[in-house]
Amino acid sequence: MAQATAEKTTQPVDAPPKEVSGFNRSGIAGVSNGLMAVLDRVRKVARSDSSVLITGESGTGKELIARAIHKNSARKNGPMVVINCGAIPSELLESELFGHERGAFTGAHRTRIGRFEIADKGTIFLDEIGDMSPDLQVKLLRALQERSFERVGGSQTIAVDIRVISATNKNLTAAIEDNEFREDLYYRLNVIPINILPLRERPEDIMPLVAHFQSGLARRNAEYMPKVFPDSVKQVLSTYEWPGNIRELENLVERLSVLVEGDTVTIADLPGCMTGARANVTPVCVAGVFQNNIGFNEAVESYQKSLITHALNKTGWVKAKAAEMLKMNRTTLVEKIKKMDIEPEDEMPVF
């Protein structure tokens, strides 16, 4: 991405990213090595009908990755059906998934086709799968194993040809240990895992995303003039924790497009939580520790691990370069890597 060379130099609206050959990005923006590796993996996954489990924090773009898999697959001309398992009450979710017959329960005045049936010959995306009730997990497992089901209140078996992609921001292995998620369902869903890094761990994608969002604003409003982001503002954005991830960044860009009347964004235009302008505001990284009931030692170790992992990924796991970036001795870095059991992931995380 071309960078603004002066405070008043207008940056391009949509800088061309590096491309993975033969792959439709489907609205995904970014230039990091991790993103390129994941897009390449998604391209390979799209060739098959294997189930995919996408994990990552809220707002990291899990649905975009799911849509990219669908749009690059042989099913791209079929439907892609999205259902948020966490947004629908458990007593209604079974009907949403599998449909129901007339009279199946109070209020069922007519037969209704479920999402599985609608997704036939296409893809179904089960978002927030970790919020599904244990009882319904059993029925979902059977439907996935047999690729067939019965509507609620019905006896006719309905066969479907679907590709299943699921996503969650929860730790499902921990949920299995707590008897909140079925282990057999987990392995049925987690054939191909894709983990998405939070935005704070890949700051090199921030400005390409800003350009992407500004390009979208320009398409919707012909009078919109893209804002210039000076280096001082870019520095603030790159060091912010981004608890809302890409969704938070998109909201910020839209907010600035409305409230900044000039052509250049200044530090004063940014929210106080980013600049530390309000002394009584607890930094989001600190607030997260207390909100998640994390102890001091665990929080310190987690932060150290994130710093080290980011440096290793950014330097291609060249430990000498990573140690230089972290301003620490290489031997000390190697010891911490071993102690924290840090290893390269099979799937490079992303958007």
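Each value, and the rule that gives it
Residues numbered from 1 in each chain as written. Predicted model: local features only at pLDDT ≥ 70, side-chain atom pairs only at ≥ 80, totals over all residues. Heavy atoms only, no water. Helix = DSSP H or I, 4+ residues; strand = E, 2+ residues; numbered from the N terminus. Buried < 20%, exposed > 50% of the residue type's maximum accessible area, 1.4 Å probe, protein only. Contact = heavy atoms within 4.5 Å. Areas by Shrake-Rupley, 256 points an atom, 1.4 Å probe, with all protein chains shown as cover. pLDDT = per-residue confidence, 0-100. Pairing = 2+ DSSP bridges. Axes fitted to C-alpha atoms, helices over the stretch in contact; angles between N-to-C directions. Expected span 1.5 Å × (residues − 1). Parallel < 35°, antiparallel > 145°, perpendicular 65-115°, else oblique. Nonpolar A, V, L, I, M, F, W, Y, C, P; charged D, E, K, R; others polar. Salt bridge = Lys/Arg side-chain N within 4 Å of Asp/Glu carboxyl O. Left-handed = near helix turned anticlockwise from the far one by under 90°.

Visitor: Got a sec to walk through the overall build of the protein chain? Specific residues and values, please.
Guide: Looking only at helices and strands, the protein chain has 15 helices and nine strands in total. By the burial criterion, 45% of the 351 residues in the protein chain qualify as buried. A separation of at least 24 residues holds for 72% of the contacts in the protein chain among residues at least 6 apart in sequence. Looking at the protein chain as shown, the accessible area adds up to about 18,400 Å², and 49% of this sits on carbon and sulfur atoms.

Visitor: Residue-level account of helix H2 (residues 62–71), with values.
Guide: Within H2, the full set of buried residues consists of Lys62, Ile65, Ala66, Ala68, Ile69 and His70. Looking at the buried positions of H2, the neighbouring elements they touch are helix H1 (33–45), strand S1 (52–56), strand S2 (80–84), strand S5 (123–127), strand S8 (163–168) and strand S9 (192–196).

Visitor: A description of the side chain of His70 should follow, citing residues and the corresponding values.
Guide: Assignment of secondary structure puts His70 in helix H2. In this structure His70 touches Arg75, Lys76, Gly78, Pro79, Met80 and Thr123, once residues within four positions along its chain are discounted.

Visitor: Report on the confidence of the model for the protein chain, specifying residues and quantitative values.
Guide: Of all residues in the protein chain, 87% have pLDDT values of 70 or greater, and the mean over the chain is 84. A low-confidence stretch, residues 278–284 stays under pLDDT 50, and its non-local contacts, those more than four residues away or across chains, total six contacts.

Visitor: With reference to specific residues and values, describe the sheet that holds S8.
Guide: Strands sit in the order S2-S5-S8-S1-S9 across an open sheet of five strands; the sheet is parallel. Among the strands making up the open sheet, the edge pair consists of S2 and S9. If you compare each strand with its neighbour and ignore which way they point, the axes differ by 15° on average. Of the pairings in the sheet, the one linking S5 to S8 comprises four bridges and is parallel in character.

Visitor: Quick rundown of helix H10 (residues 245–259)? Include the residues and the values.
Guide: End to end, H10 covers 21 Å across 15 residues, agreeing with the expected 21 Å (1.5 Å per residue, within 8%). If you check which residues of H10 are buried, you get Asn245, Ile246, Glu248, Leu249, Leu252, Val253, Leu256 and Ser257. As for H10, its buried residues are in contact with helix H8 (206–220), helix H9 (231–239) and helix H11 (272–275).

Visitor: Report on the pairing of S5, specifying residues and quantitative values.
Guide: Where burial is concerned, most of S5 is hidden: five out of the five residues are buried. Along S5, one buried face is formed by Thr123, Phe125 and Asp127 and the opposite face, lined by Ile124 and Leu126, is buried too. Summarising the sheet, S2 and S5 pair through five bridges and their orientation is parallel. Note on S5: the bridge partner recorded for Asn84 is Asp127.

Visitor: For the packing of helix H14 (residues 319–326) against helix H15 (residues 330–340), give the residues involved together with the corresponding values.
Guide: Axis separation between H14 and H15 bottoms out at 9 Å; the angle between their running directions is 105°. Relative to H15, the element H14 lies roughly perpendicular. In contact with Lys319, Ala320, Ala322, Ala323 and Leu326 of H14, H15 contributes Arg330, Leu333, Val334 and Ile337. Taken together, the residues of the contact of H14 with H15 sort by class into seven nonpolar, no polar and two charged.

Visitor: Which residues make up the pattern of salt bridges, and what values go with them?
Guide: The tally for this structure, following the rule as stated, stands at 19 salt bridges. Arg202 serves as the salt-bridge partner of Asp205, at 2.9 Å between the closest nitrogen and oxygen. In this structure Asp205 comes out as buried when scored by relative accessible area, which is 0%. The network of salt bridges with common partners includes Asp40, Arg43 and Lys44.

Visitor: Talk me through the packing of helix H13 (residues 296–314) against H14; I want residue IDs and the actual numbers.
Guide: Running from amino to carboxyl end, H13 crosses H14 at an angle of 130°, the nearest separation of the two axes being 8 Å. Between H13 and H14, the angle is such that the two are oblique. With respect to the hand of their crossing, H13 and H14 are arranged in right-handed fashion. Counting all contacts with H13, which are made through Leu307, Ile308, Ala311, Leu312 and Lys314, the residues of H14 involved are Lys319, Ala322, Met325 and Leu326. A class-by-class count of the residues in the contact of H13 with H14 yields seven nonpolar, no polar and two charged.

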